[in-house]
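The lines below spell out each chain.
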Amino acid sequence: MAITTVPETTRKPGRPPSPYSARPQRTSLGRKVRDNLTGHAFLIGAVLCFVVFSWYPMVRGVVMSFQRTRRGETTWVGWDNYSRIIADPSFWTAWQNTFYFTVLALVLGYAVPFFVAVLLNEFRHAKGYLRILVYLPVMLPPASALYLFKFYAYDPSEAGLFNAILKALHLPTSQWMQSPDMTMPATVIASTWMNMGGAVLIYLASLQGIPGELYEAAELDGAGIWKRIRHVTIPQTRLILALLAMIQIVATMQLFIEPLILANGAGAEDSATTVAYLIYQHGFFQNDLNGAAALGVIMLVVLAGFSAVYLRLSAKQD
């Protein structure tokens, strides 16, 4: 009976065996991790920075708000710090001034950048120069810009820039930061001039994404500039407008450096005292870190509640 033998290998004669033939194939998970190792390294660094500089101070502040530290000894006092802070008359004054500034900032500081962006978008020449001119205040150090307003623009004498303009127009001059009624409006003017450059550039980028056919159709229908803004520009930029509105409200409610420099903190008759400045006052002037932490937690809860309501309303509108 004939015996049939099977060759040991099917490789062609004369070709050496491949050294990689017996190496196991890499798993897809390992390959993905290796390919994205650099991205994971950057992500880990960002997460660590966020944990150390954001989450840890936040958690530590919540813990401190329920404690009291005296002569190096820390004891748990429950809600006593919150009760003491709320009973302080300056607490309600600070919230009133903060909300007042937020409303003024929405009326003036939110509308002005949008209309400036619409105006710049209509220019055919010197667009780059005008954008640099609008963004220039953002590049200035905030303290320098505020001192410029304090000693040059808001000088209560007739030598001040704004009083000189009012006098030239035959209008009554103002004491500006020395007047309780003008403290917050003057602060809003300075803050808007300092910070509107970034919002203007964002609006310009959004405006350039609007199809030109929509404006051409509106012009053929006889729509003027205001109708085009109302029926074309605003609906097409609604998402950016809503996002910047929420960001501005959250930012303006943390007002601190403007009253600190322009009004020396509290201002005339506490007209410039804000919640953020009251936290600073408790922590650094009264050495009441636990009370400052409690006030910071209250502000955190208010801003988080506002953001949650705003996002819910936005989701319903979508």
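Just so you know, these numbers come straight off a predicted model, no measurement behind them.

### What to know about the overall build of the protein
Okay, step 1: Helix and strand content of the protein: 15 helices and two strands.
Okay, step 2: Relative to its full complement of 318 residues, the protein shows a buried share of 33%.
Okay, step 3: Across the protein, contacts joining residues at least 24 apart in sequence account for 64% of those joining residues at least 6 apart.
Okay, step 4: Element-wise, carbon and sulfur atoms account for 65% of the exposed surface of the protein, whose accessible area totals about 21000 Å².

### Points about a nonpolar patch on the surface
Okay, step 1: Taken together, the side chains of Leu43, Val47, Phe50, Val51, Val52, Phe53, Trp55, Met58, Val59 and Leu300 define a hydrophobic patch exposed on the protein surface, amounting to about 950 Å² of accessible area.
Okay, step 2: If you tally residues by element for the nonpolar patch, the top one is helix H2 (residues 37–65), at nine residues.
Okay, step 3: When you line up the elements, Trp55 lands in helix H2.

### Thoughts on the confidence of the model for the protein
Caution applies to low-pLDDT regions: their predicted coordinates should not be interpreted in detail.
Okay, step 1: Taken as a whole, the protein shows an average pLDDT of 83; of its residues, 90% reach a score of 70 or greater.
Okay, step 2: Within the protein, no element has a lower average pLDDT than helix H1 (residues 28–35), which sits at 70, and none a higher one than helix H3 (residues 80–87), at 92.
Okay, step 3: Across residues 8–12, where pLDDT falls below 50, the model places zero contacts with residues more than four positions away in sequence or in other chains.

### With respect to the nonpolar core
If you look at soluble globular proteins, the nonpolar side chains tend to sit buried side by side.
Okay, step 1: Counting residues in hydrophobic clusters, the biggest one holds 23 residues, and the most contacted among them are Tyr110, Phe114, Ala117, Val200 and Tyr203.
Okay, step 2: What Phe114 contacts, discounting residues up to four positions off in sequence, is Tyr203, Ile229, Thr233, Ile234, Thr237 and Leu241.

### Some points on the packing of aromatic side chains
Okay, step 1: A full pass over the atoms with the stated rule returns 21 aromatic pairs.
Okay, step 2: An angle of 85 degrees between the planes, with centres 4.9 Å apart, marks the rings of Phe91 and Trp92 as edge-to-face.
Okay, step 3: A relative accessible area of 5% means that Phe91 is categorised as buried.
Okay, step 4: Note on Trp92: relative accessible area 53%, which makes it exposed.
Okay, step 5: These aromatic residues form a ring-pair network of at least three members: Phe149, Tyr154, Phe162, Trp176 and Trp193.

### What to know about the pairing of strand E2 (residues 73–76)
Okay, step 1: As paired elements, strand E1 (residues 67–70) and E2 share four bridges and run antiparallel to each other. Bridge assignment links Gln67 to a residue of E2, and that residue is Trp76.
Okay, step 2: As consecutive antiparallel partners, E1 and E2 are separated by two residues, and within that stretch Arg71 has a phi angle of approximately 55 degrees, a positive value.

### Considering helix H5 (residues 111–122)
Okay, step 1: With twelve residues, H5 ought to run about 16 Å at 1.5 Å a step, and its terminal C-alpha atoms sit 17 Å apart, in line with that.
Okay, step 2: Among the structural elements, helix H4 (89–109), helix H6 (127–139), helix H9 (183–207), helix H11 (225–236) and helix H12 (238–252) are those in contact with the buried residues of H5.

### Brief notes about H11
Okay, step 1: Over its twelve residues, H11 extends 15 Å from the first C-alpha to the last, a length consistent with the 16 Å expected when each residue adds 1.5 Å.
Okay, step 2: Regarding H11, the residues found buried are Arg228, Ile229, Val232 and Thr233. For H11, the angular spread of buried residues about the axis comes to 125 degrees, placing them on one side. Exposed and facing more than 90 degrees away from the buried side of H11 are Trp226, Lys227, Arg230 and His231.
Okay, step 3: Tucked into the core, H11 has its buried residues touching H5, H9 and helix H10 (212–220).

### Quick look at the packing of H6 against H9
Okay, step 1: For the pair H6 and H9, the least separation of the axes is 6 Å and the interaxial angle reads 135 degrees. The pairing of H6 with H9 is recorded here as oblique in orientation. The chirality of how H6 crosses H9 is left-handed. On H9, the residues that touch Arg131, Val134, Tyr135, Pro137 and Val138 of H6 are Trp193, Met194, Asn195, Met196, Gly197, Gly198, Val200, Leu201 and Leu204.
Okay, step 2: By residue class, the composition of the contact of H6 with H9 is ten nonpolar, three polar and one charged.

### Notes on the pattern of salt bridges
Okay, step 1: Within the structure shown, the criterion is met by two salt bridges.
Okay, step 2: Close ionic contact of Arg84 with Asp288 constitutes a salt bridge, the shortest N to O distance being 2.6 Å. Of the two residues, Arg84 sits in helix H3 while Asp288 sits in the loop between helix H14 (275–285) and helix H15 (289–317), which places them 204 residues apart along the sequence.
Okay, step 3: Overall, the relative accessible area of 13% leaves Asp288 in the buried class.
Okay, step 4: For the salt bridge of Lys167 with Glu158, the shortest nitrogen-to-oxygen distance reads 2.8 Å.
Okay, step 5: A relative accessible area of 49% means that Glu158 is categorised as partly exposed.

### With respect to a negative patch on the surface
Okay, step 1: A cluster of acidic residues, Glu122, Glu213, Glu216 and Glu219, forms a negative patch at the surface.
Okay, step 2: In terms of residues, the negative patch owes the most to one element, H10, which gives three residues.
Okay, step 3: Assignment of secondary structure puts Glu213 in helix H10.

Cut-offs applied
Residues numbered from 1 in each chain as written. Predicted model: local features only at pLDDT ≥ 70, side-chain atom pairs only at ≥ 80, totals over all residues. Heavy atoms only, no water. Helix = DSSP H or I, 4+ residues; strand = E, 2+ residues; numbered from the N terminus. Buried < 20%, exposed > 50% of the residue type's maximum accessible area, 1.4 Å probe, protein only. Contact = heavy atoms within 4.5 Å. Areas by Shrake-Rupley, 256 points an atom, 1.4 Å probe, with all protein chains shown as cover. Patch = residues over 30% accessible without salt bridge, like charges linked within 9 Å, V, L, I, M, F, W, Y side chains within 5 Å. Salt bridge = Lys/Arg side-chain N within 4 Å of Asp/Glu carboxyl O. pLDDT = per-residue confidence, 0-100. Core = buried A, V, L, I, M, F, W, Y, C linked by side-chain atoms within 4.5 Å. Phe/Tyr/Trp six-rings, centres within 6.5 Å; stacked < 30°, edge-to-face > 60°. Pairing = 2+ DSSP bridges. Expected span 1.5 Å × (residues − 1). Arc of directions from axis to C-beta. Axes fitted to C-alpha atoms, helices over the stretch in contact; angles between N-to-C directions. Parallel < 35°, antiparallel > 145°, perpendicular 65-115°, else oblique. Left-handed = near helix turned anticlockwise from the far one by under 90°. Nonpolar A, V, L, I, M, F, W, Y, C, P; charged D, E, K, R; others polar. Lys, Arg positive; Asp, Glu negative; His and termini not counted. Charge placed at Lys NZ, Arg CZ, Asp CG, Glu CD.

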